[in-house]
Amino acid sequence: MKKNYFLLLFISLAFFVNAQITVNHLGTYATGVFDQGATEIAKYDPVSMRLFSTNGANNKVDIIDVSNPNNPSLITSIDITPYGGGANSVAVFDEILVAAVENVDKQANGRAVFFDTNGNYLADVEVGALPDMVTFSPDGNYVLTANEGEPNDDYDNDPHGSVSIIDISGGLAGLSASNVSTIDFSGFSMADFNASVRIFGKNGTATIAEDIEPEYIAVDKNSQFAYVALQENNAIAKIDIQNAVITEVVGLGFKNHSLASNPFDASDKDNKINITTWPVFGMYQPDALKAFEHNGNTYLISANEGDSRDYNGYSEVKRVKNLTLDPIAFPNASVLLDKNLGRLNVTSANGDIDNDGDYDALYSFGARSFSIWDANGNLVFDSGDDIEQQIAADANFSVYFNSTNDNNNSFDKRSDDKGPEPEAVEVVIRDAVSYAFIGLERIGGFVIYNISDINNPVFVDYINNRDFTQNATTPQAGDLAPEDINFIPSVFSPNGNDLLVVSNEVSGTISIFQVNGLPVITLPTVTTNAVSMIESWAALSGGVVTSAGTSPVTEYGICWNTTGNPTIYDNKTIDGSGIGAFISAMNGLSSSTTYYVRAYATSEVGTAYGAEETFATLPPPVPLSDNGIYVVMFLMAGFTIFTVRRRFI
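None of these values were measured; they are calculated from a predicted model.

### Things to note about the overall build of the chain
When you go through the chain residue by residue, the secondary structure sums to four helices and 43 strands. In summary, the chain has a C-alpha radius of gyration of 27 Å against a globular reference of 26 Å for 649 residues, a match within 12%. If you line up the chain on its principal axes, its C-alpha atoms span 105 × 50 × 45 Å. Counting all 649 residues of the chain, 59% fall into the buried class.

### Considerations on the packing of aromatic side chains
Considering all chains together, one arrives at 24 aromatic pairs under this definition. Residues tyrosine 155 and tyrosine 311 carry aromatic rings whose centres are separated by 5.4 Å and whose planes lie at 90° to one another, so their mutual orientation is edge-to-face. Residue tyrosine 155 is located in the loop between strand S11 (142-147) and strand S12 (162-167), and its partner tyrosine 311 is located in the loop between strand S21 (297-303) and strand S22 (317-319); the two are separated by 156 residues in the primary sequence. Taking the relative accessible area as the measure of exposure, tyrosine 155 reaches 2% and is therefore buried. The class of tyrosine 311 is buried, set by a relative accessible area of 16%. Ring plane angle 75° and centroid distance 5.5 Å describe the contact between tyrosine 449 and phenylalanine 459, whose orientation is recorded as edge-to-face. In this pair, tyrosine 449 is assigned in strand S29 (residues 446-450) and phenylalanine 459 in strand S30 (residues 458-463), connecting sequence segments 10 residues apart. Looking at tyrosine 449, the relative accessible area reads 2%, which means it is buried. Among the aromatic residues, those joined into a ring-pair cluster are Phe370, Phe381, Tyr449 and Phe459.

### Topic: the sheet that holds strand S32 (residues 499-504)
Here we have four strands laid out as an open sheet, ordered S1-S33-S32-S31, and antiparallel in their pairing. Each edge of the open sheet is held by one strand with a lone partner, namely strand S1 (22-30) and strand S31 (482-488). Taken pair by pair, the neighbouring strands of this sheet meet at an average axis angle of 20°, ignoring direction. In the sheet, S32 pairs with strand S33 (residues 509-516) via six bridges, with the strands oriented antiparallel.

### Quick notes on the side chain of serine 507
For serine 507, the position within the fold is in the loop between S32 and S33. Exposure remark for serine 507: the relative accessible area of 11% places this residue in the buried category. Side-chain polar atoms of serine 507 contact the side chain of threonine 509, separated by 2.7 Å. Look past the residues within four positions of serine 507 in its chain and what remains in contact with it is Val33, Gly478, Asp479 and Leu480.

### Observations regarding the environment of glycine 549
Tracing the sequence through the fold places glycine 549 in the loop between strand S35 (539-547) and strand S36 (555-561). Owing to a relative accessible area of 32%, glycine 549 belongs among the partly exposed residues under this scheme. A sequence separation of 56 residues divides glycine 549 from serine 493, and the C-alpha atoms of the two residues are 17 Å apart. Glycine 549 has contacts with Thr522, Leu523 and Pro524, leaving out every residue within four places of it along the chain.

### Let's talk about the pairing of strand S15 (residues 225-230)
Judged by how many residues are buried, S15 sits mostly within the fold: six of six residues are covered. Where burial is concerned, the two faces of S15 agree: the one with Phe225, Tyr227 and Ala229 and the one with Ala226, Val228 and Leu230 are both buried. The antiparallel hairpin formed by strand S14 (residues 214-219) and S15 contains five residues in its connecting segment, where serine 223 sits at a positive phi of about 60°. Relative to strand S16 (residues 235-240), S15 runs antiparallel, the two sharing six bridges. Among the inter-strand pairings, alanine 229 is bridged to a residue of S16, identified as isoleucine 236.

### Some words on the sheet that holds strand S3 (residues 50-55)
With respect to topology, four strands assemble into an open sheet ordered S2-S3-S4-S5, the strand pairing being antiparallel. The open sheet terminates on both sides in strands that have one partner only, identified here as strand S2 (42-45) and strand S5 (73-79). Geometrically, the sheet is characterised by an average inter-axis angle of 25° between neighbouring strands, direction not taken into account. For S3 and strand S4 (residues 60-65), the ladder comprises six bridges, and the chain directions are antiparallel. Paired with asparagine 55 across the two strands is lysine 60, which belongs to S4.

Calculation notes
- Residues numbered from 1 in each chain as written.
- Predicted model: local features only at pLDDT ≥ 70, side-chain atom pairs only at ≥ 80, totals over all residues.
- Heavy atoms only, no water.
- Helix = DSSP H or I, 4+ residues; strand = E, 2+ residues; numbered from the N terminus.
- Rg over C-alpha atoms; globule rule 2.2 N^0.38 Å.
- Buried < 20%, exposed > 50% of the residue type's maximum accessible area, 1.4 Å probe, protein only.
- Phe/Tyr/Trp six-rings, centres within 6.5 Å; stacked < 30°, edge-to-face > 60°.
- Pairing = 2+ DSSP bridges.
- Axes fitted to C-alpha atoms, helices over the stretch in contact; angles between N-to-C directions.
- Polar contact = N/O pair within 3.5 Å; in protein donor to acceptor, adjacent residues only side chain to side chain.
- Contact = heavy atoms within 4.5 Å.

Set out below in structure tokens:
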């Protein structure tokens, strides 16, 4: 596999500490389909300058031209019907698209289906039940799917939640089940978990393997570990990717909303903003999760949306007013159980600590915040009540506080149920400057925080491309329900500027924003040498790195293939670091074959390539009559470049 695009999420620059950023809307792609999941997940390919977007309304993946980000337009769509019941997620890496496709029978195993960026089918393999998210590892060697394994509505068929790890290091040709490791949680017992891991499905009769539901996957920079959000279970699993082993499951604990730092608005019936403390514990229950590096260590940032199990066969959702509260734990229950706290949706699966039929504690869904965790699942920072407070103080949007995402006349209507619902998250890092973008599924838009100090992030701005004066079902209403956020760095952006792509599930729109004020980045500059000393099995090339750009060159060499535009995920040499000239050998070539070669130079910004050179290897050697043998050795600068020319004579 190929291009070094994933490294761009770990961009590092020198010279800048306090960049001030602004965001402006450029353009929107609109499907014209309301509330049918027509644009849920969208990923960008920098070579074709295309977005690939899941379209649940027609069971397709839309291919969208964003070469002009002010006017994105549909090119074509990939029909997913031959492969299953719908694409839940997509990912793009090195001009390869993969879709996570659920089965027509949602409780049966799904598939990971691979296409090129023109939508041509390449390969597919079976993964676990209900693959809900898919991602590439940063090194391009693995594809991982989070297989949620949800039960059916009667809750009498509950497949195992699992993670599938697909080894694509050898390419997609011949990809088969032998390249797939699907791992579940059947090897765990309750003794392996802390008390905040929730195993409760079907009134507590579900097994651990059935109950755990992987939601989202983040992979560390070195492609060593995957971190999996187990949303309903209020936990994160850590996976050793190469060995396909779940090393631990960490419960995330609970957020104490009685503390002065953690108030929230609990009622949708008081017709006012009332952010105050309550005797409630919030379950973090993250949806989106991103891994990032800070001072050489891996951290995770989570969007703490919250989610519940609410099926015909079993539902955990109750309003506080419908629960019997323990009189000792809640001596003021009569005050709580009116339109104040009584409206709040909580779980009936947690809280009856002494099993006497009444509730000694209350647990609500989600934390209405974003959090930063270390690689061991320890909480480093939580934004507390800041998201609700910032919207409440916003001159333009306070009058739409905690609105829902399908009705523009809905002030305060989500206060009883997860509030703004942080859903999506993206992280941009440039040296000491780090920003987080968090999408809010209900009121819409996204908040921006400077997270350069991971212990004390600072609010920057709130952007919402939604017009509450319009009918929510019409295109004039703008963006409703952001589900996915992706950053496109300037060096791979279609307009040469930093961009942010936001997919909005309810409105069926994808909006592109320009991010201004981030430190400027540049790739290295490298040229490719002409190919020389061509034999049937080998040849020489090389290059010159003339500039490092804004970050040191960590690796340079040449790469080659037989299809054109070779990248470092094809065949390559590693010939050094820094700047300067180098010579490289290509060995093990096939005779009478056309090859394409480019020099490359990699920095933390990304990988730059020189111009492509084309050459054809010689025909195979012709045996001569006297059966003699000779060997030719090519030498350069005192060392052997290659030494394998043999002929029978």
